[in-house]
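Descriptive structure summary
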Amino acid sequence: MSSSHTESQAYYDQNPAARWIALLSICIATFIAPLSMSAVNLALPAIATDLQADAVLVSWVPTINLWGSILLMLPAGRLADMVGRKRVFNVGIAFFAFSSLMVLLVGSIEWLLVVRVMQGIAGALIFGTAMAIVSSIFNSSNRGTALGFTATSVYLGLTAGPMIGGWLTEVLGWRSVFWVPVPFILLAILLVNVYLKGDWKSEQRERFDWAGTVLFSIWTTAFFFGLSGLPGPGYVVLFLAGLLFLALFLRQQSVAPAPLIRLKALADNRVFNRSILASLFMYGAHYPVLFLLSLYLQYIEGMSPTSSGQLILIQALAMAILAPLAGKLSDRYQPRLIATTGCLLFCSGFAVLFWISLESSLTLVVVGLLLLGIGFGLFSTPNNNAAMSSVNQDRLSAASAMLNLARTLGNLCSMAIVVLLFNQVLGNTQLAPDQYPALLLVIRIALGLACLYTLAAAWFSYSRGNVTRPE
């Protein structure tokens, strides 16, 4: 551990209350940013009407920000280890506030998608560093509990977003979903700079991997846009090009002197690489749920945006209650047991929701959401705690970025498949009652795939082995 790390650790060891105030400042930022990004789901019908957008373009609104996020996720983590985690985090939340205000100038669906890309880039800087900062502050004790509160803030924001977004859409219009959270983001900037002491950067000077960054951006872009447009011939070529550039990226990383990913270290760390894979599949299963259920509840069930958001909030409440408890348990017991139980409960939630129909009772939705919330609450914090506890202190930002990359890649791939389903089943038409059976078909296929994703996550979670903290 470097001298700067030691000084920061000593400060928090001598001032325990400072730890929790610093954690609060991080949690405000990690609550507001995902809330702003998920609140748009309940504004989608209003956006479609106001901007005269078809179903496919509307489906890009909750998807395109993932592309923006994934482009910088790994570079952001590596950069944070080099120049300072707090510095990169500050840039991220400031840029998020700026991009959110840009919605006031939006006059078309295309420009709204540009704003969403900007939000995604800002999100990469925020989430590529947040867990690393928390893990650094709580390096000597209560790491699982602190990560539990961080996870709660993130996923409470993600899941409370639709309820707040629905209310804002009805009262102030859909644009307010973007600009109303900005004052709270500015408050987060103030608190972080006042209460967060330390910057946690590596003492070793290494060159930034620009070649790896370019290759990474190319393969993710080609893969994402190619996957979303399959089986069109041009999209097949784009998809295959993405796989080719992935191979080139992995080859370049294996020989680069200061790579974005240390592939050998990743392969040798079974706990970390299995945690990454479990995250990939769990978040891939989770992300489309808010989008799909918001459409189901508003179009098929005829609920208002506010009522739909309140119902979806059930999942967030269950998760928020369990995540800190699961984190505390993961400080005492092996995380894989708790996380794997969460995966299986999460899978059962999708199995329940799979049976929704045009005449379903809302009770079925409530039961499914409860199971999803309980399962995700038991999974997220133990999984993150296992991953972050298995790496060295000076690589925490890179580890945090990789965990968030897994989350974002899972989100991106699953939403790309949903966009593909929209393309093939619904096409470029606005949603109307005669298309509700087709919409329901898309939803049920996506939920069935989510069941398979979570079973894969359960396997990787259980097979990671026990955690041994590095020296």
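Below or above, wherever it landed, is the structure these notes cover. (Residues numbered from 1 in each chain as written. Predicted model: local features only at pLDDT ≥ 70, side-chain atom pairs only at ≥ 80, totals over all residues. Heavy atoms only, no water.)

**Here we look at the overall build of the protein**
A count of helical and extended segments in the protein gives 20 helices and zero strands. Computed over its C-alpha atoms, the radius of gyration of the protein comes to 21 Å, within 12% of the 23 Å expected for a compact globule of 471 residues. For the protein, the spread of C-alpha atoms along the three principal axes comes to 65 × 45 × 45 Å. Relative to its 471 residues, the protein shows a buried fraction of 62%. In the protein, 85% of the contacts between residues at least 6 apart in sequence involve partners at least 24 apart. Only carbon and sulfur atoms are counted for the fraction: they give 68% of the accessible area of the protein, which is about 17,500 Å². Charge centroids of the protein, computed over 25 positive and 18 negative side chains, lie 9 Å from each other. (Helix = DSSP H or I, 4+ residues; strand = E, 2+ residues; numbered from the N terminus. Rg over C-alpha atoms; globule rule 2.2 N^0.38 Å. Buried < 20%, exposed > 50% of the residue type's maximum accessible area, 1.4 Å probe, protein only. Contact = heavy atoms within 4.5 Å. Areas by Shrake-Rupley, 256 points an atom, 1.4 Å probe, with all protein chains shown as cover. Lys, Arg positive; Asp, Glu negative; His and termini not counted. Charge placed at Lys NZ, Arg CZ, Asp CG, Glu CD.)

**A few points about the layout of surface pockets**
Approximately 410 Å³ is the volume attributed to the largest pocket. As for the largest pocket, its lining consists of 18 residues, of which Trp219, Ile261, Ile276, Leu405 and Leu409 are closest to the centre. Elements supplying a minimum of two residues to the lining of the largest pocket: α12 (210-229), α13 (233-255), α14 (263-268), α15 (270-300) and α19 (396-426). The dominant element in the lining of the largest pocket, judged by the number of residues it contributes, is α19, at five residues. The class makeup of the residues in the lining of the largest pocket is 17 nonpolar, one polar and no charged. (1 Å grid on protein atoms, 1.4 Å probe; cavity = no way out; pocket = protein on both sides within 12 Å on 5 of 7 lines; lining within 4 Å. Points joined across faces, edges and corners; volume = space filled by probe spheres on them. Nonpolar A, V, L, I, M, F, W, Y, C, P; charged D, E, K, R; others polar.)

**Some words on empty space enclosed by the protein**
For the structure on display, the rule yields four cavities of 30 Å³ or more. Considered as a void within the structure, the largest cavity measures approximately 270 Å³ in volume. Considering the residues around the largest cavity, the lining is formed by 21 residues, among which Leu66, Leu158, Tyr287, Arg407 and Asn411 are closest to the centre. Elements that contribute at least two residues to the lining of the largest cavity include exactly α2 (16-38), α5 (64-83), α7 (109-127), α9 (143-172), α15 and α19. Of the residues forming the lining of the largest cavity, the biggest block, five residues, is contributed by α15.

**With respect to the packing of aromatic side chains**
As enumerated under the stated definition, the model contains 16 aromatic pairs in all. Aromatic side chains Tyr283 and Phe379 sit 6.4 Å apart centroid to centroid with 70° between the ring planes, which places their arrangement in the edge-to-face category. Here Tyr283, found in helix α15, pairs with Phe379, found in helix α18 (residues 362-389); they are 96 residues apart in sequence, far enough to count as distant. Like Phe379, Tyr283 is buried. Their ring planes at 55° and their centres at 6.3 Å tell us that Phe376 and Phe379 sit as a pair that is tilted. With a gap of three residues between them, Phe376 and Phe379 both fall in helix α18, about one helical turn apart. Each member of the pair Phe376 and Phe379 is classed as buried. The rings of Phe216, Trp219, Phe223, Phe239 and Phe249 are connected pair by pair, giving a single aromatic cluster. (Phe/Tyr/Trp six-rings, centres within 6.5 Å; stacked < 30°, edge-to-face > 60°.)

**Some points on the side chain of Thr220**
Relative to the elements of secondary structure, Thr220 occurs in helix α12. Given the relative accessible area of 1%, Thr220 is considered buried. Looking at Thr220, its side chain comes within polar contact range of the main-chain oxygen of Ser217, at 3.1 Å. (Polar contact = N/O pair within 3.5 Å; in protein donor to acceptor, adjacent residues only side chain to side chain.)

**Side note on α15**
Between the first and last C-alpha of α15 there are 45 Å, a value that for 31 residues agrees with the 45 Å anticipated at 1.5 Å per step. At Val289, α15 is deflected by roughly 30°, the largest bend along its length. Summarising burial for α15: 27 of the 31 residues are buried, a large majority. Gly302 lies just past α15 and shows a positive phi near 70°. (Expected span 1.5 Å × (residues − 1). Bend = angle between axes of the 7 residues up to and from the residue.)

**A short note on a nonpolar patch on the surface**
Together, Leu101, Leu104, Leu105, Trp167, Val171, Leu172 and Trp179 line one region of the surface with nonpolar side chains, adding up to about 730 Å² of accessible area. The element best represented in the nonpolar patch is α9, accounting for three residues. Take Leu101: it is sitting in helix α6 (residues 85-101). (Patch = residues over 30% accessible without salt bridge, like charges linked within 9 Å, V, L, I, M, F, W, Y side chains within 5 Å. Salt bridge = Lys/Arg side-chain N within 4 Å of Asp/Glu carboxyl O.)

**Observations regarding the packing of α6 against helix α11 (residues 182-195)**
Between α6 and α11, whose axes approach to 9 Å, the crossing angle comes to 165°. As judged from the angle between their axes, α6 and α11 are roughly antiparallel. For the element pair α6 and α11, the recorded crossing hand is left-handed. Across from Lys86, Phe89, Asn90, Ile93, Ala94, Phe96, Ala97, Ser100 and Leu101 in α6, the residues of α11 making contact are Val182, Ile185, Leu186, Ala188, Ile189, Val192 and Asn193. (Axes fitted to C-alpha atoms, helices over the stretch in contact; angles between N-to-C directions. Parallel < 35°, antiparallel > 145°, perpendicular 65-115°, else oblique. Left-handed = near helix turned anticlockwise from the far one by under 90°.)

**Some details on the packing of α15 against α18**
For the pair α15 and α18, the least separation of the axes is 10 Å and the interaxial angle reads 155°. On the basis of the axis angle, α15 is roughly antiparallel to α18. The hand of the α15/α18 crossing is left-handed. Contacts between α15 and α18 involve Val271, Phe272, Ser275, Ala278, Ser279, Met282, Tyr283, His286, Val289, Leu293, Tyr296 and Leu297 from the first element and Leu362, Val365, Leu369, Leu372, Phe376, Phe379, Ser380, Asn383, Ala386 and Ala387 from the second.

Remember, this is a structural readout, not a statement about activity or role.
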